[in-house]
Amino acid sequence: MKTFRVWIRQFSEDNTPFGDLSRDIADDSEFPKKNDHDTILEYLRIKNACLACELTFEKAWSDYDSLQ
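Basis of the calculations
Residues numbered from 1 in each chain as written. Predicted model: local features only at pLDDT ≥ 70, side-chain atom pairs only at ≥ 80, totals over all residues. Heavy atoms only, no water. Salt bridge = Lys/Arg side-chain N within 4 Å of Asp/Glu carboxyl O. Helix = DSSP H or I, 4+ residues; strand = E, 2+ residues; numbered from the N terminus. Buried < 20%, exposed > 50% of the residue type's maximum accessible area, 1.4 Å probe, protein only. Contact = heavy atoms within 4.5 Å. Axes fitted to C-alpha atoms, helices over the stretch in contact; angles between N-to-C directions. Parallel < 35°, antiparallel > 145°, perpendicular 65-115°, else oblique. Nonpolar A, V, L, I, M, F, W, Y, C, P; charged D, E, K, R; others polar. Left-handed = near helix turned anticlockwise from the far one by under 90°.

Colleague: I tried to follow the pattern of salt bridges on my own but got confused; where do I start?
Modeller: Applying the stated criterion across every chain, the model contains four salt bridges. D20 is the salt-bridge partner of R23, the closest N and O atoms lying 2.6 Å from each other. Remark: D20 and R23 occur in helix α2 (residues 17–27); sequence separation between them is three residues, near one turn of the helix. Using a relative accessible area of 29% as the deciding quantity, one classes R23 as partly exposed. A relative accessible area of 39% means that D20 is categorised as partly exposed. Its salt-bridge partner being K59, residue D63 comes within 2.7 Å of it at the nearest N-O pair. Of the two residues, D63 and K59 are both situated in helix α4 (residues 51–67); the distance of four residues between them amounts to about one turn of the helix. Residue K59 is classed as partly exposed on the basis of its relative accessible area, which comes to 46%.

Here it is, written out as structure tokens:
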């Protein structure tokens, strides 16, 4: 099973919110390695991510989770 970090990389070239999120994650050396929804959401909140980023993450996680 791919981790979320690995799964989201497929969107890195897309000009979409998923693409933006993918690039942000790739550029963030502190992004959680733990493959856990709540851990990642808490990290985004600690980093003061905007609401659009949180909503994009929630949609991306839902898509990712449905494939598992």
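Colleague: Is there a simple way to think about the side chain of T56 in this case?
Modeller: Tracing the chain through its elements places T56 in helix α4. If we ignore the near neighbours within four places in the chain, the residues touching T56 are P17, F18 and L21.

Colleague: How do you make sense of the packing of α2 against α4 when you look at a structure like this?
Modeller: Packed helices, taken two at a time, are described by the angle between their axes plus the distance between the axes. Contact geometry of α2 with α4 gives a least axis separation of 10 Å together with a crossing angle of 95°. Taken together, the axes of α2 and α4 are roughly perpendicular relative to one another. Across the interface between the two elements, P17, F18 and L21 from α2 touch C53, T56, F57, K59, A60 and D63 from α4. When grouped by side-chain class, the residues that make up the contact of α2 with α4 number six nonpolar, one polar and two charged.

Colleague: Before we go on, may I ask you to explain the environment of I25 in this structure?
Modeller: Relative to the assigned elements, I25 resides in helix α2. On a C-alpha basis, the gap between I25 and K59 in space is 15 Å, while along the polypeptide they are 34 residues apart.

Colleague: Before we go on, may I ask you to explain the packing of helix α3 (residues 37–46) against α4 in this structure?
Modeller: Following both chains from N to C, one finds α3 and α4 inclined at 165°, their axes separated by 10 Å at the closest point. By the angle between their axes, α3 is roughly antiparallel relative to α4. Pair α3 / α4 crosses with right-handed handedness. From α3, H37, I40, L41, L44 and R45 reach across to α4, where they touch C53, E54, F57, E58 and W61.

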